[in-house]
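Topology and contacts: notes
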Amino acid sequence: MADRLAGVPEEIDLTRPSAARVYDYYLGGAHNFAVDREMAARAVAMWPDLPLIMQANRAFLRRAVRHCVAAGVRQFLDLGSGIPTAGNVHEVARSAAPDARVVYVDVDPVAVAHSRFILGDDPATRVVQADLRRPDLLLDHPEVRSLLDFEQPVAVMMVAVLHFVPDADDPAGVVAGYLGALAPGSFLVLSHATHEGQPDKAEEHQELYRRTATPMTMRSRAEVSALLDGLDVVDPGVVYLPLWRPESLDEVDERPERFTGLAAVARKR
Ligand SMILES: C[S@@+](CC[C@H](N)C(=O)[O-])C[C@H]1O[C@@H](n2cnc3c(N)ncnc32)[C@H](O)[C@@H]1O
């Protein structure tokens, strides 16, 4: 049994890497433990582009939030929000719309603790520890209901999280569970790991994530597109991360497929 680090609550398993903390490490954050750094270092040794891919994912998230705000959305439900990092949803949304409201949801206790610490008693944000696979419970959660008005459009963010929902847990059913509760004009913002960009690396990478509590299921473009059935997918469709409405030449890459993450924004009719 590992010695417990001072101040780390019992519910945090220090012997097992967590997807949230490994992702924090890729992004250069400090909220990770030795077991996470060891797994992340192995992943980066296998796949040196990983930090770049995660940065491209965050850049997509920021562009997508700005798109939703420009379309009039003021409410965000960020599912699998992760450990806070530069350019969180509320910061990006508020820079364009000061009245924007955001509920952050994550299953990981470290992500939730840091989110609560950063947001303090900010009246226009909430942080909920929950499993997104239960839309029925989450949509009825008092913290969610206290901030979001489901009669008005909401942007539901599922950014780099649905690949942690295996087929057996019916990701399409989970998405449908949220969409059914949303008003017309609401958005789904999605990014998802795919094996199609660099197929030679996919299996080894998924193998590493089997050590975490949230193993990874990469999906094809056709499978990711199917998650958006019945919605109006906004241009340019389901594309590699840097190709979703890049705002500067720095965001474009000659080989977008090496980013191995697909991005899309879709609107409920
Ligand atoms: C790769 S991070 C993505 C963070 C953020 N959405 C982003 O794109 O920058 C994935 C996050 O999803 C969370 N997660 C995984 N499965 C989840 C579930 N079933 N319910 C809620 N959160 C989940 C993990 O704890 C982690 O914080």
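A quick note: this is a predicted structure, and the numbers were derived from the prediction, not measured.

**A closer look at the overall build of the protein**
Helix and strand counts for the protein come out as 10 helices and eight strands. Computed over C-alpha atoms, the radius of gyration of the protein comes to 18 Å, within 12% of the 18 Å expected from 2.2 N^0.38 for 269 residues, which places it in the range of a compact globule. Oriented by its inertia axes, the alpha-carbon framework of the protein measures out at about 50 × 45 × 35 Å. Residue burial in the protein is summarised as follows: out of 269 residues, 43% are buried. A fraction of 71% describes how many contacts in the protein between residues 6 or more apart in sequence connect residues 24 or more apart.

**Considering the site of the ligand**
The local shell around the ligand holds 21 residues, among which Ala-20, Gly-80, Gly-82, Val-107 and Asp-108 are the closest. Of all the secondary-structure elements, those providing two or more residues to the shell around the ligand are α1 (19-26) and α3 (50-70). Along the lines of polarity and charge, the residues of the shell around the ligand split into 11 nonpolar, five polar and five charged.

**Focus on the packing of helix α2 (residues 34-46) against helix α9 (residues 199-209)**
Here α2 crosses α9 at 175°, and the two axes come no closer than 10 Å. By the angle between their directions, the pair α2 and α9 is classed as roughly antiparallel. Here Met-39, Arg-42, Ala-43 and Met-46 of α2 come into contact with α9, specifically with Lys-201, Glu-204, His-205 and Leu-208. Split by residue class, the contact of α2 with α9 holds four nonpolar, one polar and three charged.

**Topic: the environment of Asp-149**
Residue position: Asp-149 is located in the loop between α7 (142-147) and β4 (155-159). Separated by 101 residues in sequence, Asp-149 and Asp-250 place their C-alpha atoms 37 Å apart.

**Comments concerning the packing of α1 against α2**
Following both chains from N to C, one finds α1 and α2 inclined at 65°, their axes separated by 9 Å at the closest point. Like other packed secondary-structure pairs, α1 and α2 cross with a definite hand, here right-handed. Side by side, α1 and α2 meet where Arg-21, Val-22, Tyr-25 and Tyr-26 of the first sit next to Asp-36, Arg-37, Met-39 and Ala-40 of the second. Residues of the contact of α1 with α2, tallied by class, amount to five nonpolar, no polar and three charged.

**A short note on unusual backbone geometry**
Cis peptide bonds are those with omega within 30 degrees of zero, and the linkage from Asp-235 to Pro-236 qualifies with 5°. Inspection of the secondary structure assignment puts Pro-236 in the loop between β6 (232-233) and β7 (239-240). Despite not being glycine, Arg-245 shows a phi value in the positive range, around 45°. Mapping Arg-245 onto the fold places it in the loop between β7 and β8 (261-267). The exposure class of Arg-245 is partly exposed, given the 17 C-beta atoms found within 10 Å.

**Quick notes on the pairing of strand β5 (residues 187-193)**
β5 sits mainly inside the fold: seven of its seven residues count as buried. In β5, alternate side chains face the same way, and those of Phe-187, Val-189, Ser-191 and Ala-193 on one face and Leu-188, Leu-190 and His-192 on the other are all buried. The pairing of β4 with β5 spans five bridges and is parallel. In the sheet register, Val-156 faces β5, and the bridge partner there is Leu-188.

**Concerning the nonpolar core**
Within the largest apolar cluster, 73 residues are counted, with the highest numbers of intra-cluster contacts made by Ala-155, Val-156, Met-157, Met-158, Leu-188 and Val-189. Looking at which element gives the most residues to this core, the answer is α3, with 10 residues. Other than its neighbours up to four places away in sequence, Val-189 contacts Ala-64, Cys-68, Ala-155, Met-157, Met-158, Val-159 and Val-265.

**Brief notes about the environment of Tyr-104**
Along the polypeptide, Tyr-104 turns up in strand β2 (residues 101-106). Measuring from C-alpha to C-alpha, the distance between Tyr-104 and Ala-130 comes to 9.8 Å, with 26 residues separating the pair along the chain.

**Examining helix α8 (residues 171-179)**
Along α8, the residues classified as buried are Pro-171, Val-174, Val-175 and Tyr-178. Buried residues along α8 cover an arc of 95° about the axis, so they all sit on one side.

**Focus: the pairing of β4**
On any regular strand, side chains alternate: one points to one face of the sheet, the next to the other face. Among the five residues that make up β4, five are buried, leaving the element largely enclosed by the rest of the structure. A two-sided burial pattern is seen for β4, the buried positions comprising Ala-155, Met-157 and Val-159 on one face and Val-156 and Met-158 on the other. Relative to β4, strand β1 (residues 75-79) runs parallel, the two being bridged by three bridges. Among the inter-strand pairings, Asp-78 is bridged to a residue of β4, identified as Met-157. Taken together, β4, α8 and β5 form a β-α-β motif whose crossover is right-handed.

Criteria and cut-off values
Residues numbered from 1 in each chain as written. Predicted model: local features only at pLDDT ≥ 70, side-chain atom pairs only at ≥ 80, totals over all residues. Helix = DSSP H or I, 4+ residues; strand = E, 2+ residues; numbered from the N terminus. Rg over C-alpha atoms; globule rule 2.2 N^0.38 Å. Buried ≥ 20, exposed ≤ 12 C-beta atoms within 10 Å, placed from the backbone. Contact = placed C-beta atoms within 7 Å. Near = placed C-beta within 6 Å. Nonpolar A, V, L, I, M, F, W, Y, C, P; charged D, E, K, R; others polar. Axes fitted to C-alpha atoms, helices over the stretch in contact; angles between N-to-C directions. Parallel < 35°, antiparallel > 145°, perpendicular 65-115°, else oblique. Left-handed = near helix turned anticlockwise from the far one by under 90°. Pairing = 2+ DSSP bridges. Core = buried A, V, L, I, M, F, W, Y, C linked by C-beta atoms within 7 Å. Arc of directions from axis to C-beta. Right-handed = clockwise from strand over helix to strand, strands pointing away.

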